[in-house]
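These are the residues of each chain, in order.
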Amino acid sequence: MKIYDQFIGKRPNLSFEIFPPKHDDPLGDITAVLDVLCALHPDYISVTCGAGGGRNGEKTIAVASMIRECYGVEPLVHLTGWGRTKIQVDEFLSRMLDAGLVNVLALRGDRPAGERGDFPHASDLIRYMRSRDDRFCVAAACYPDGHPEAGSRDDDIARTVEKQRAGAEFFISQLFFDNDNYMRFMDDMVTGGVTTPVCAGIMPVVSKAQIKRMIGMCGAVLPERFLRIIDKYGDDKDAMLDVGVQYAIAQVIDLCARGEERIHLYTMNNPQVARRICEGVKNVIRR
Ligand code: FAD
């Protein structure tokens, strides 16, 4: 089933992001995560994929197949274009179709290094996929706090519109912590020409180390209010767990109240945190 169809007349929508087992960890390790997440009945689960042409996403496809076949939940397969050739992408997509997978989040990839391959920008990958096969539902990323390499918000939104023109059917936002800014971003997206659904990316921050890592990577802005909380509770592991869960719950409720009812939870493969958040919003998200 194409995920886009979930957005027609059905709101709210709740989805999760997970990553496949790292390095040589066995694939079966993910079942402990999926057992809990799938019991929360998400609308879809996205599975990340390493950048570059290296191992070509075998584990991503394997985990996505497991989500579909063993748990009956719709998977969204991340595919990074940087460093990949058209032949590699063709091979990836045909392995997806063989496994009955049709939903793709088309991305450039994190921190590109080395050969750029045939897809220097996400829009190149989206355009290519669209020219090859109309069986896929293609999603793309957008950035409420701006992509770290973008010259300006206008530039960034123009690139987002380019992805829509290339064939992206919906967007998932980068994580953010300031809902007011997200609402301004959404207004600017509409003014800029974005007409497709957008899922708001929420990440529960449950440790101080996670914050440093994350901000370095994605450039999300931490509001003063959040910084104050981290300042006070950052060194207390248990308190940080409460903080991360409660902040995420408050964000989700506020977004839903403002009409942004498509929530994508970055679970970081921590199903207990996801479970606590889902319990906290169970009557808000599932009306
Ligand atoms: P693009 O849309 O190509 O944009 C990248 C930069 O280039 C932006 O600054 C943009 O403004 C600019 N740009 C775009 N098009 C052009 C153009 N034609 N000419 C000039 N400049 C242009 N990374 C992974 O490696 N694996 C994952 O699984 C993964 N999952 C993600 C999931 C989500 C929901 C999000 C938000 C991000 C994810 N990322 C992942 C990170 C992502 O790969 C990085 O944010 C990356 O730096 C940009 O990817 P993009 O698809 O947005 O790139």
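Attention now goes to the overall build of the chain. From N to C terminus, the chain includes 11 helices and eight strands. Along the first, second and third principal axes, the C-alpha set of the chain runs to 50 × 45 × 40 Å. Scored against the burial criterion, the 287 residues of the chain give a buried share of 55%. Pairs at least 24 residues apart make up 81% of the contacts formed inside the chain by residues separated by at least 6 positions. For the chain, the accessible area works out to roughly 13200 Å², and carbon and sulfur atoms hold 50% of it. Taken as two groups, the 36 positive and 40 negative side-chain charges of the chain have centres that lie 1 Å from each other.

On to the environment of I172, then. Looking at the secondary structure, you find I172 in strand β6 (residues 170-173). The sequence separation of I172 and C142 amounts to 30 residues, and the corresponding C-alpha distance is 6.2 Å. Ignoring anything within four residues of it in the chain, the contact list for I172 reads Y44, L76, L105, A140, A141, C142, C199, H264 and Y266.

On to the sheet that holds β6. Around the barrel, which closes on itself, the eight strands sit in the order β1-β2-β3-β4-β5-β6-β7-β8 with parallel pairing between neighbours. Shown here is a sheet whose adjacent strand axes are inclined to one another by a mean of 30 degrees, direction ignored. As paired strands, strand β3 (residues 74-80) and strand β4 (residues 103-107) are joined by four bridges and run parallel to one another. Within β4, the position partnered with L79 by the bridge is A106.

Of the voids in this model, the second largest pocket is the one considered here, and its volume is about 150 Å³. For the second largest pocket, the full set of lining residues is F177, D178, N179, D180, P223, R225, Y247, A250, Q251 and D254. Taken together, the elements giving at least two residues each to the lining of the second largest pocket come down to α6 (179-192) and α9 (237-257). The dominant element in the lining of the second largest pocket, judged by the number of residues it contributes, is α9, at four residues. Class assignment for the residues of the lining of the second largest pocket results in four nonpolar, two polar and four charged.

For the coordinates displayed, the defined rule picks out 14 salt bridges. Across the pair R127 and D124 runs a salt bridge whose closest N-O atoms are separated by 3.6 Å. Of the two residues, R127 and D124 are both situated in helix α4 (residues 122-132); the distance of three residues between them amounts to about one turn of the helix. The partly exposed category is assigned to R127, whose relative accessible area is 40%. In this structure D124 comes out as partly exposed when scored by relative accessible area, which is 22%. A salt bridge links E169 to R130, with the nearest nitrogen and oxygen atoms 2.5 Å apart.

As a further point, take the site of the ligand. In the region of the ligand, 25 residues are neighbours, and C49, R108, Y143, H147 and K163 sit closest. Within the backbone of A122, a nitrogen or oxygen atom sits 2.9 Å from an oxygen atom of the ligand. In this structure, an oxygen atom belonging to the ligand sits 3.4 Å away from a main-chain N or O atom of A150. For the ligand, whose accessible area on its own is 970 Å², the fraction buried by protein is 87%. Along the lines of polarity and charge, the residues of the shell around the ligand split into 10 nonpolar, seven polar and eight charged.

Let us look at the state of the cysteines. Summed over all chains, the structure comprises zero disulfides. Here C70 is not cross-linked by a disulfide; its sulfur's nearest cysteine counterpart is in C38, at 9.4 Å. Taking relative accessible area as the criterion, C70 reaches 57% and is therefore assigned exposed. With no disulfide of its own, C137 has C199 as its nearest cysteine by sulfur position, at a separation of 10 Å.

If you walk through the whole model with that rule in mind, you get eight aromatic pairs. Within the aromatic cluster, the residues linked to one another by ring pairs are F7, Y44 and F170. Here K22 stacks its cationic end above the ring of F19, 4.7 Å away from the centre of that ring.

Reading the values: the criteria
Residues numbered from 1 in each chain as written. Predicted model: local features only at pLDDT ≥ 70, side-chain atom pairs only at ≥ 80, totals over all residues. Heavy atoms only, no water. Helix = DSSP H or I, 4+ residues; strand = E, 2+ residues; numbered from the N terminus. Buried < 20%, exposed > 50% of the residue type's maximum accessible area, 1.4 Å probe, protein only. Contact = heavy atoms within 4.5 Å. Areas by Shrake-Rupley, 256 points an atom, 1.4 Å probe, with all protein chains shown as cover. Lys, Arg positive; Asp, Glu negative; His and termini not counted. Charge placed at Lys NZ, Arg CZ, Asp CG, Glu CD. Pairing = 2+ DSSP bridges. Axes fitted to C-alpha atoms, helices over the stretch in contact; angles between N-to-C directions. 1 Å grid on protein atoms, 1.4 Å probe; cavity = no way out; pocket = protein on both sides within 12 Å on 5 of 7 lines; lining within 4 Å. Points joined across faces, edges and corners; volume = space filled by probe spheres on them. Nonpolar A, V, L, I, M, F, W, Y, C, P; charged D, E, K, R; others polar. Salt bridge = Lys/Arg side-chain N within 4 Å of Asp/Glu carboxyl O. Near = heavy atom within 4 Å. Polar contact = N/O pair within 3.5 Å; in protein donor to acceptor, adjacent residues only side chain to side chain. Disulfide = S-S within 2.5 Å. Phe/Tyr/Trp six-rings, centres within 6.5 Å; stacked < 30°, edge-to-face > 60°. Lys NZ or Arg CZ within 6 Å of the ring centre and 35° of its normal.

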